[in-house]
Amino acid sequence: MAFESLSEKLQSVFGGLKGKGILEEKDIDQALREVKLALLEADVNFKVVKEFVADLKEKCMGEEVTKSLTPEQQVIKIVNQQLVDLMGGAGAKLTYSPSGFTTIMMVGLQGTGKTTSCGKLANWLKQNGKKPYLAACDVYRPAAIDQLEVVAKAVKTPVYIDRENPDPVDIAVKAREEAERKGCNILIIDTAGRLQIDDTLMQELADMRKAVKPHQILLAVDALTGQDAVNAAKGFNERLGIDGIIMTKMDGDARGGAALSAKKVTGKPILFMGTGEKYDALEPFHPDRMASRILG
Ligand code: GDP
C-alpha cells in the first residue's frame, strides 16, 4: 500500500528524537534533513519538498513548549498537520449540479485506469443513492468501447454506445439526452485516452466540454508513475481545466509521491483513490487519514 517506505523512514526520524528533553536547533535540523530525504525518496516533487521542509522548520522552531507533549510528540503533531495540508486539508468532495442532473467527464492518459474508474465511480454513486449512466466516447479504439460495455455490465449500470457514430462530442450530447430520458441523474463520460497530451486530444475534450458543460471534469492519474502522473495532471489542468483527480493504483504504490504532490502542484484536489482492480476498490480521499497512515 502507498506510503510504506515513507512511513518507515519518518518513524525512524521521530525515533531519533525520542527521550530528548528539549530539542535544540541542531536536533531539528538533523531531523529535517532526514525528513527531506525521506520525501525525496518517496518521489515527492522537489519544490514541494523544499517548501514543506522550510515551513516545518519555522513551525518547529516557533513551537511553544507544551508540557503535555514530549518534543518528539510535538514534532509528529506538526508534521501530521503539514501532511494533511499538503494533501488538501479538510478534503474535497465530489459535488453535484444543483440542476439535479450532473455530467462528469472522465479524462486521462491511456492506461491510467480511466475506464475502470468510470465503472468504479458508477458503482460508488449507486451505493450513494444516485442513478448513473455511462457513455462510451473513446471512438478511436473499438476495444475501449467493448471494455466500457463490460465494465457497465459488471456494475449493473446502463451505458450509451453508438458504434456507428464517429463523433465523440455528438455521442456525448446524445448520451446526455438519453440519460435524462431514462431517469438517470448522473452521466459519466468515458473520453478518449492517448499516450500523451496532444493538441488533437485537448481540442476534442474542449469541444466536448463546450457541448455538454460538465459539472465536473475528473482526471484519472496513475500513482505508480509518480512525478509523470503529477506532470500529466498539471498539463491537463492548464490546457483543459480539471475539477478533481482520481489517483489510481494506490494499492501498488509503495512510495506515494504522486498523492503527496498532486494537490500542491496542480491546485486541484484528489477526490478519490483507486485501491485495486475490482469495481468496489474506490475510496474518497481523506488527507487526514492518509497522514495518519503515513505517521503510523
Ligand atoms: P484506461 O486506458 O485509462 O482506460 O485504463 P484501464 O481502465 O483500462 O486500466 C488499465 C489497467 O489498470 C487495468 O488492468 C485495470 O484493471 C488497472 N487498474 C485501474 N485502476 C486500478 C487500481 O486502482 N489498482 C490496480 N491495482 N489496478 C488498477
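Just so we're clear, the structure is a prediction, and the values are computed from it rather than from any experiment.

Attention shifts here to the pattern of salt bridges. A full pass over the atoms with the stated rule returns 19 salt bridges. With its nearest N and O atoms 3.0 Å apart, the salt bridge here joins Lys264 to Glu51. With Lys264 in helix H10 (residues 257-266) and Glu51 in helix H3 (residues 46-62), this pair connects stretches of sequence that are 213 residues apart. Residue classification places Lys264 among the partly exposed residues on the basis of a relative accessible area of 44%.

Structurally, the position occupied by Gly108 is in the loop between strand S1 (102-107) and helix H5 (114-127). Classification of Gly108 by relative accessible area gives buried; the value is 1%. As a C-alpha pair, Gly108 and Ile246 span 138 residues in sequence and 9.7 Å in three-dimensional space. Each residue touching Gly108, except ones within four places of it in the same chain, is listed here: Lys114, Ala192, Gly193, Arg194, Leu219, Ala220 and Phe236.

This paragraph deals with the pairing of strand S4 (residues 186-190). With 5 of 5 residues buried, S4 lies mostly within the body of the structure. The alternating pattern of S4 places Ile186, Ile188 and Asp190 on one face and Leu187 and Ile189 on the opposite face, and all of these are buried. Pairing analysis gives 5 bridges linking strand S2 (residues 132-136) to S4, with the strands arranged parallel. When the bridges of S4 are listed, Leu134 appears paired with Ile188.

The positions UniProt marks with the feature "domain: SRP54-type proteins GTP-binding" (unreviewed entry) are residues 269-282. As annotated, residues 269-282 comprises 0% helix and 43% strand, and the C-alpha atoms at either end are separated by 16 Å.

All right, on to the environment of Pro214 then. Turning to its location among the elements, Pro214 is positioned in the loop between helix H8 (199-212) and strand S5 (216-222). With a relative accessible area of 16%, Pro214 lands in the buried category. Residues Pro214 and Asp162, spaced 52 residues apart in sequence, show a C-alpha to C-alpha distance of 20 Å. Discounting chain neighbours no more than four positions away, the residues touching Pro214 are Thr103, Met105 and Arg209.

Turning our attention to helix H7 (residues 168-181). For H7, spanning 14 residues, the distance from its first C-alpha to its last is 20 Å, which sits close to the expected 20 Å at 1.5 Å a residue. The set of residues buried in H7 consists of Pro168, Val169, Ile171, Ala172, Ala175, Glu178 and Ala179. Contact partners of the buried residues in H7: S2, strand S3 (159-160), S4 and H8. N-cap assignment for H7: the residue whose side-chain oxygen lies 3.0 Å from the backbone N of Val169 is Asp167. Residue Gly183 follows H7 closely and has a positive phi angle near 80 degrees.

A few words now on empty space enclosed by the protein. This model, assessed by the stated rule, comprises 1 cavity of 30 Å³ or more. Here the largest cavity is characterised by a volume of approximately 40 Å³. What lines the largest cavity is simply Phe14, Leu17, Leu23, Ile28, Ala31, Leu32, Val35, Cys60 and Val75. Looking at the lining of the largest cavity, the elements that each hand over two or more residues are helix H1 (4-17) and helix H2 (25-41).

Parameters at a glance
- Residues numbered from 1 in each chain as written.
- Predicted model: local features only at pLDDT ≥ 70, side-chain atom pairs only at ≥ 80, totals over all residues.
- Heavy atoms only, no water.
- Salt bridge = Lys/Arg side-chain N within 4 Å of Asp/Glu carboxyl O.
- Helix = DSSP H or I, 4+ residues; strand = E, 2+ residues; numbered from the N terminus.
- Buried < 20%, exposed > 50% of the residue type's maximum accessible area, 1.4 Å probe, protein only.
- Contact = heavy atoms within 4.5 Å.
- Pairing = 2+ DSSP bridges.
- UniProt positions renumbered as here; feature names shortened; annotations may be inferred.
- Expected span 1.5 Å × (residues − 1).
- Polar contact = N/O pair within 3.5 Å; in protein donor to acceptor, adjacent residues only side chain to side chain.
- 1 Å grid on protein atoms, 1.4 Å probe; cavity = no way out; pocket = protein on both sides within 12 Å on 5 of 7 lines; lining within 4 Å.
- Points joined across faces, edges and corners; volume = space filled by probe spheres on them.

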